Every structure is written in C-alpha cells, then in structure tokens.
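So the chains spell out like this:
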Amino acid sequence: MKTEDAALARIVRREAGLIVAQLQRRLGNFDVAEEAVQEAIIIALRTWRRDGVPANPGAWLSLAARRRAIDLLRKRSRELPLADEWEPDPAVAISPLGRTGDERLPMLFGCCHPALGVEARLALTLRAVVGMTTQQIASAFLVPETTMAQRLVRAKRKITAAGIPFTIPEAADLAPRLDDVLTVVYLSYNAGYLEPSESGRELSDDAIWLAELVTRALPEQAETWGLLALLSFLNSRTAARFDDHGRLVLLEDQDRTGWDEVAISRADGYLTTAAALRRPGRFQLQAAIAGCHASAASWADTDWLQILTLYDLLLRYDSSPVIKLNHAIALSHLRGPAAALAEVDQVADRLSGYHLLHATRAQLLSDLGDHAGARAANQRALALTHNPAEQQLLRSRLALLDLELASSAAELTS
Amino acid sequence: MKYVLLYTNRPDLDAAVPEERRAEVYQAIYGWFEKHGAVMSDGGAELQGPETATSVKSGQNGGQPVVVDGPFSEAKENVGGFSIIDVPDLDSAIAIAREWPSLSLPGVAVEIRPIVDHSGDM
C-alpha cells in the first residue's frame, strides 16, 4: 500500500465501522449492511485515488453504502420474492445502544463471538469494524483472496443462521467475552508487527486503533487498558525492530535510543490506570513484562528476576504452552540453559508446530555446546515460519552454526 | 429463534461416575427443566441407550437401504436426549445450556443447533 493509500485507509477506518453499525440497526440485516459498506469502500478507494478525498468522506461513504444496500436488497428480494426490502431481519437480534454510546462495540462483540472460529473472528472484525477490504485481509494473513472471501461468507452466514446477537454482554459474561475481543485485537497486532512492509505497519496501527476504541467505550475494564499498554510498549520499538535492509533485529540487539519514548511513557500511564482498577489480568501482566524491557537501559540491565516473577503470575491467568515457553526463556537468563531446556521440553509436544519453540531450543542447545542439535532445531524453525524477516534471521543463525561445526571438526582432525 | 439442545455424553467415562453422584445430577435435571420450562417447546425427549439403536443407512451404489445394529456414527459420544427451546438469540441459548446439570460430569456436552425456519416458505 502506498502512503497515499495508507491515508485513505485511515479515513475509511474512522468511518466504516460506524456506517456498518448504523446501517445494520436500520435494516436489521448485518450481512447486507456489511456487504454494502465493503462495496462502498472499494468504490471510494478507487474514486478518491483518482479525484482526491471529498470534503466530508464520512457522508460520501455513508451515501454510497446506503445506495449499495438498496441495490443489494432489491437483488435479494427478486431472489426471495416475498421479502419486504426494508423489513428487519428477525434472525439478527438488535440491541439497544447500551451504556457505551459507541455503536461499533456491540458489533465488535458479535464479530468476536466464541461461536465463531478464531480466524473468522479476526477476518470479520477487520472487515466490518476496521473497514479493511477482503483483499487487504487476505494479503495480511497470507491466504488467497478466495479463501478469505469464503471464510467471511461462512462467518456471516453463521451469525444470521445461529442468531449470534450484537450485544455487549453483561455482568459475569462480560469479562470472558471481553477477553475474546481483546484477543482478536492482539492477534491483529501480531499479524502485522513482524512485517517490515507498510501493510504490516497498517495492520498494527489498526489494532492499536481498535484497542483505543474498546478502552474508550469500556474504561472501567482494567484489561482494556492492559492491552492498550502492551500494544503501546510493543509499538514503541517499531523503529528499532528492523535495520535499514528490512532485517529483523532482536530485542537483545536493538538500538534502544531508537525506541519511542513518548509511546513508552503513554504505555506506562495506561498500565498505571489499569493497576488502579485492581483487577489484574493476562494483558496487564504481559504489558508489565514489556514495561520491564522498556525501562532497562540495556539488554545487560534487564531485570530478569522481576520478569520471571511476572511470568509466574501470568501463568495463573494463562497457562498456555506459549506462555510456558516464554517463562523458560526468562528462566534461562537466571538459571542457565540446562534448566530452561528442561522446561522447554515439557511443552515441546504441544508446540511442535510453532517455529519459536524450535528457535528457542536451538539457542539453548547452542549455549550448551550441542551445535548439531541446534542446527537441526533451527532447520525445523525455518521450515515452520513464513515470515521473511524471521527466515532471514534463522538462516544467519544456521550459517553461524555451520562455522562452529566446521571449526570443531577442524579441531578434531588437527 | 428456535434451537435444539442435543445432550451428549461419553458412555466410557460415565462408568466411573458413582451412583449417588449420578442421582444428584438427575435430581438437578428436574430442577433445570422446571426453571427453564417457559422456553421449552414440546417434543423434547430422553433417549434409550445407544445399545438399543438401529440405523437404516443408504445402500452402496444406489442399492436398497440397509438396516444395521447400532447408532449412525461410531463416535464415542452418545446423544442421550434433546430439547427444543424458543429464545431470542444464541446467547440466551448458551446461557441455558451452560446450566445443564450433567455438565458437571466428565465428557458431557450440549450441542446447540438452530432450527431451519420454514415460516417464510409459503
């Protein structure tokens, strides 16, 4: 995406979700509302690129979407002769606006409903709430556009057929459902932040924008601030994450003067706000860990004991194998590679398809002097990642291991 | 919207449940039906065990249907019964299903399936 297109995408993002929500409330038909806005966005991007952005892009998009909605309903009512074109679809429950005032929020909870698969939640959220086109989503997740289109159609069909409501859950239901929403936002960020390209950056920006939207709407929820803090900490390192050739630079090797101090202090503020609400959670703890790295003057100054303690706490909220893997990495800095490798091997079965498991094992094996084992593990990691920046890093590690292996072979023969 | 709740269990795991625990759950099920009576449609049923099932399956290569002993699928799960409920949306159905007393036993699941609405067909 060109910079010019990035600016257009930002305008679309500000308006698209609102228009879908309004149209859906008006028609009672999410599928038509969402489809109409999507088509309007595609027309808008084409027209604005050619003629420039109109004075009131929101009104422009809204009008185009309403026209498309009428066309779509006419087309469908020809297919289903008895359906009244403006009759609300009773299959999709419409909620009153609720206490938050942002119409996009009930829709966001609907798109991130646990009755949908995680991939569908991501795709639907990016399309309906953020206003990304199917093509953009497909390229961000490295799948063919037809696959992504299918996924979206199936998800929308399920929303209608299964009666998934667009409501903000209440009382005891809110926390677990909010966690689902925040997870989708976090996964969107993750899908973008290792891409040195503009579109990767865009996806990360979209995720932060979504996190801000949820936080504004539900400021009494500590985890929304926690996620916002986490993403701000991660984003503060954007400029240092890639070198001039687009190569991935690990935290250990990053030039910390390149970190965005403003983003870090903003993240600190979000985390303080979260802590004041006294409801700890996994995103707050992950943000606190990211905060430890942000406050260390150098890699050598990293407070690993504090980080390990936070991972111990985090495991109480999220005992997933990925968190256990990260716990083991923190442990390696305090108790050495052998202790860490023992922990890593406990989750090896469940993470056998995860490239970072093998990359971590490779580093630990290499620290223990097992260069042949490290080489094999790095090769597994390389085969499992599609990210070019990670592939490049793994290849350079393999090259270093080959040097080690060659020199130890030379020692043996000399 | 109308949904079918399909109650499934795992006979292999049920064997380990003590008799008194089973009786407690059964008692709780009566209470559950009473509590949710207002949204229950007629037509639900508790089914006899899978060992009593007979299946009629389509014949091979367009041949005559075949009658066989046993349930239609060889899955470990057994459908023990079903209810039909009429509630506003999926969240209401989930809220009811979540309280199904047998869910305190291992291997139990409630599948929620929306019913096809033919009211617009005519």
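Residues numbered from 1 in each chain as written. Chains lettered and ligands numbered in written order. Predicted model: local features only at pLDDT ≥ 70, side-chain atom pairs only at ≥ 80, totals over all residues. Heavy atoms only, no water.

**What about the overall build of chain A?**
The condition that has to hold: To qualify as a helix, a DSSP run of H or I must reach at least 4 residues; to qualify as a strand, a run of E must reach at least 2; elements of each kind are numbered from the N terminus. The size measure is the radius of gyration over C-alpha atoms, and the globule rule it meets is 2.2 Å times the number of residues to the 0.38 power. Partly exposed residues are those whose accessible area sits between 20% and 50% of the maximum for their type, while under 20% is buried and over 50% is exposed, using a 1.4 Å probe and protein chains only. Between two residues, a contact is recorded if the distance between any of their heavy atoms is within 4.5 Å. Reported accessibility uses the Shrake-Rupley method at a 1.4 Å probe radius. Residues are deemed covered only where the shown protein chains occlude them. Here Asp and Glu are counted as negative and Lys and Arg as positive; His is not counted, and neither are the chain ends. Where a charge lies is defined by one atom per residue type: Lys uses NZ, Arg uses CZ, Asp uses CG and Glu uses CD.
Within chain A one finds 19 helices and zero strands. Its C-alpha radius of gyration of 24 Å places chain A within 12% of the 22 Å reference for a compact globule of 414 residues. Taking all 414 residues of chain A together, 51% fall into the buried category. Relative to all contacts within chain A whose residues are 6 or more apart in sequence, the contacts with residues 24 or more apart total 66%. Accessible surface for chain A amounts to roughly 19,400 Å². Of this, 53% is attributable to carbon and sulfur atoms. Here chain A holds 45 positive side-chain charges and 51 negative ones, and the gap between their average locations is 6 Å.

**Details of the sheet that holds strand 5 (residues 78–86) of chain B**
All names here are of chain B. Which entries qualify depends on this criterion: A pair of strands is considered paired only if DSSP assigns at least 2 bridges between the two. Lines fitted to C-alpha atoms define the axes, with helix axes restricted to the stretch in contact, and inter-axis angles between N-to-C directions lie between 0 and 180 degrees.
The strand order across the open sheet built from four strands is 2-5-1-6, with neighbouring strands paired in antiparallel fashion. Two strands in the sheet have a free side with no partner beyond their single neighbour: strand 2 (40–46) and strand 6 (109–114). If you compare each strand with its neighbour and ignore which way they point, the axes differ by 15° on average. In this structure, strand 1 (residues 2–9) lies alongside strand 5, joined through eight bridges in antiparallel fashion.

**Quick look at the pattern of salt bridges**
Where charged atoms of side chains with opposite charge meet at close range, the side chains can pair. All names here are of chain A. The line we're drawing: Salt bridge, as used here: a side-chain nitrogen of Lys or Arg that lies within 4 Å of a carboxyl oxygen of Asp or Glu.
Enumeration according to the criterion identifies 27 salt bridges over all chains in this entry. A salt bridge links Arg10 to Glu202, with the nearest nitrogen and oxygen atoms 3.9 Å apart. Note that Arg10 is positioned in helix 1 (residues 3–27) and Glu202 in helix 9 (residues 198–217), a separation of 192 residues in sequence. A residue is classified by how much of its surface remains accessible, and Arg10, at 40% relative accessible area, is partly exposed. For Asp31, the salt bridge is made with Lys156, and the minimal N-O distance between the two is 2.9 Å. Here Asp31 is found in helix 2 (residues 30–51), whereas its partner Lys156 is found in helix 7 (residues 145–162), with 125 residues between them in sequence.

**Remarks on unusual backbone geometry**
Backbone geometry follows two general trends: most residues other than glycine have a negative phi, and most peptide bonds adopt the trans configuration. Residues other than glycine seldom take positive phi values, yet Ala171 of chain A does so here, at roughly 50°. Within the secondary structure, Ala171 of chain A sits in the loop between helix 7 and helix 8 (174–193). Here Ala171 of chain A falls in the exposed class, since its relative accessible area comes to 74%. Even without being glycine, Asn61 of chain B reaches a positive phi, approximately 50°. With respect to the helices, strands and loops of the structure, Asn61 of chain B is situated in the loop between strand 3 (54–57) and strand 4 (66–69).

**Concerning the interface of chain B and chain A**
Heads up, the rule is: Summed over both partners, the accessible area (1.4 Å probe) lost when two parts come together is defined as the buried area. Here a polar contact means two N or O atoms within 3.5 Å. Within protein one must be a hydrogen donor candidate and the other an acceptor candidate, and residues neighboring in sequence count only if both atoms are side-chain atoms. Three classes are used: nonpolar for Ala, Val, Leu, Ile, Met, Phe, Trp, Tyr, Cys and Pro, charged for Asp, Glu, Lys and Arg, and polar for all others, with Gly counted as polar.
Contacts between the two partners involve nine residues from chain B and, on the opposite side, 14 residues from chain A. Between chain B and chain A lies a buried interface of about 730 Å² when both sides are counted; carbon and sulfur atoms form 56% of it. Looking at the side of chain B facing chain A, the largest losses of area belong to Met1, Leu90 and Asp91 of chain B, adding up to 54% of the total buried there. Scanning the region where chain B abuts chain A turns up two salt bridges. The shortest N-O distance in the salt bridge between Arg98 of chain B and Asp173 of chain A comes to 3.5 Å. Inspection of the chain B/chain A interface yields four residue pairs in polar contact (both at pLDDT 80 or more). Ranked by residue count, the leading element in the side of chain B that touches chain A is helix 3 (residues 90–98) of chain B, at four residues. Grouping the constituent residues of the side of chain B that touches chain A by class yields six nonpolar, no polar and three charged.

**Digging into helix 18 (residues 371–384) of chain A**
Helical geometry note: an α-helix holds 3.6 residues per turn, so side chains three or four residues apart project in the same direction. This is how it is decided: To estimate the expected span of a helix, count its residues, drop one, and scale the result by 1.5 Å.
With 14 residues, helix 18 of chain A extends 20 Å from end C-alpha to end C-alpha; this agrees with the ideal 20 Å at 1.5 Å per step. His371, Gly373, Ala374, Ala377, Asn378, Ala381 and Leu382 of chain A are the residues of helix 18 of chain A that are buried.

**So, the pairing of strand 1 of chain B**
Residues and elements named next belong to chain B. By the criterion of burial, strand 1 is predominantly enclosed, with six of the eight residues buried. As paired strands, strand 1 and strand 6 are joined by six bridges and run antiparallel to one another. In the strand pairing of strand 6, Leu5 is matched with Ile112.

**Points about the confidence of the model for chain B**
Close inspection of predicted coordinates is inappropriate for parts of the model with low pLDDT. Under the convention used in this document: The predictor attaches a confidence to each residue, called pLDDT, with possible values from 0 through 100.
For chain B, the mean per-residue pLDDT works out to 91, and 98% of the residues sit at or above 70. Under the prediction, the complex receives an ipTM of 0.85, its pTM being 0.87.

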